[in-house]
Amino acid sequence: MKKLIVCLTFVHIALFAYTHEDVMRDYKAKKYKDVCLKSAVFYKNAEKNENILSIIGDACAKVDYINPLGYIVRGLISTPEFRENGSYFATLILQKKLIYQFMNDGINLKNLRLPRSKHILSVVFENLVKGNYEKDGKKFIIKTEKKVYIVWLNSAKKRVVNIDEYIDNKKIKTHWYL
């Protein structure tokens, strides 16, 4: 019986193992959520392939899964390009945390300067730092040339920051960050 269980375990691992090739295939197919969620084995086991880590990190950032980036940052060290990717991911983590503190604790962001990117966390963070927002109750409304962002805390889950993204008064997406 023990041998059968061991054999079934190895068959299960072999059938469901996510490989570097799977990461590349799914990333190219823009299946970013799959890449991020199925790749935990790589970044939690100190994967040495920094290209794969960068791809996984980019996929996680694209689907707003910021927490795994903390694992990925540690492995991006060998070249200027990989270190830059690591800094980008670390910046997203910090921006998420600072926005959360701003929303909960009212911390002053005005003197903070962090690298900028096109990621929604970076856009929202920059506007909060500059004071480029209107307050409506507990919500912060940020208007840019093309979009409007409404930043709010989920009252059911106080640890979650939500960002509603609008174009032409139509909500296109709600981003949420735990």
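Residues numbered from 1 in each chain as written. Predicted model: local features only at pLDDT ≥ 70, side-chain atom pairs only at ≥ 80, totals over all residues. Heavy atoms only, no water.

### Examining the packing of helix H2 (residues 20-28) against helix H5 (residues 50-62)
Worth spelling out the cut-off: A fitted line through C-alpha atoms serves as each axis, taken over the contacting stretch for helices, and the angle formed by two N-to-C directions is quoted from 0 to 180°. Starting at the N terminus, helices and strands are each numbered in turn, a helix being any DSSP run of H or I of at least four residues and a strand any DSSP run of E of at least two. Small angles under 35 degrees read as roughly parallel and large ones over 145 as roughly antiparallel, with 65 to 115 read as roughly perpendicular and the rest as oblique. The sense of a crossing depends on the near helix, which, turned anticlockwise from the far helix by less than a right angle, makes the crossing left-handed and, turned clockwise, makes it right-handed. We call two residues in contact whenever any of their non-hydrogen atoms come within 4.5 Å of each other.
Between H2 and H5, whose axes approach to 11 Å, the crossing angle comes to 40°. With respect to H5, the axis of H2 lies oblique. Regarding H2 and H5, the two cross each other, and that crossing is left-handed. Residue-level inspection shows His20, Val23, Met24 and Tyr27 of H2 in contact with H5, the latter providing Ile52, Ile55, Ile56, Asp58, Ala59 and Lys62.

### Remarks on the confidence of the model for the protein
Stated formally: For every residue, the predictor states its confidence as a pLDDT score lying anywhere from 0 to 100.
The predicted model of the protein averages 89 in pLDDT, with 89% of residues at 70 or higher. For the stretch residues 1-15, pLDDT sits under 50, and the model shows zero contacts to residues farther than four places along the chain or on other chains.

### Description of the sheet that holds strand S4 (residues 161-167)
For clarity, the threshold we go by: The pairing criterion is simple: DSSP has to find at least two bridges between the two strands.
What the five strands build is an open sheet, ordered S1-S2-S3-S4-S5; its pairing is antiparallel. Here the strands that pair on one side only, and so sit at the sheet edges, are strand S1 (134-136) and strand S5 (170-177). Across this sheet, the average inter-strand angle for adjacent strands is 20°, counted without regard to direction.

### Things to note about the state of the cysteines
Between two cysteines, a covalent bond joining their sulfur atoms is known as a disulfide. Under the convention used in this document: For the purposes of this analysis, a disulfide is any pair of cysteine sulfur atoms at a distance within 2.5 Å. Using a 1.4 Å probe on the protein chains alone, a residue whose accessible area is under 20% of its type maximum counts as buried, one over 50% counts as exposed, and one in between counts as partly exposed.
For the structure on display, the rule yields one disulfide. Across the disulfide from Cys36 sits Cys60; the S-S distance is 2.0 Å. Its S-S torsion of approximately 100° makes the covalent link between Cys36 and Cys60 right-handed. Highlighted residues: Cys36 in helix H3 (residues 32-38) and Cys60 in helix H5, separated in sequence by 24 residues. Comparing Cys36 with Cys60 shows no difference in burial state: the two are buried.

### Observations concerning the packing of aromatic side chains
Where we set the bar: In summary, the pairing rule links any two rings of Phe, Tyr or Trp, Trp by its six-membered ring, whose centres are within 6.5 Å, and it sorts them by plane angle into stacked for under 30 degrees, edge-to-face for over 60 and tilted for everything else. Only lysine NZ and arginine CZ atoms are considered, and such an atom sits over a ring when it is within 6 Å of the ring centre and within 35 degrees of the ring normal.
Enumeration over the complete set of coordinates arrives at five aromatic pairs. Taking the centre distance of 5.4 Å and the plane angle of 50° together, the rings of Tyr88 and Phe89 count as tilted. Overall, Tyr88 belongs to the partly exposed group, its relative accessible area being 26%. These aromatic residues form a ring-pair network of at least three members: Phe102, Tyr133 and Phe140. For Lys62, the ring lying beneath its charged end belongs to Tyr32, and the centroid distance is 5.4 Å.

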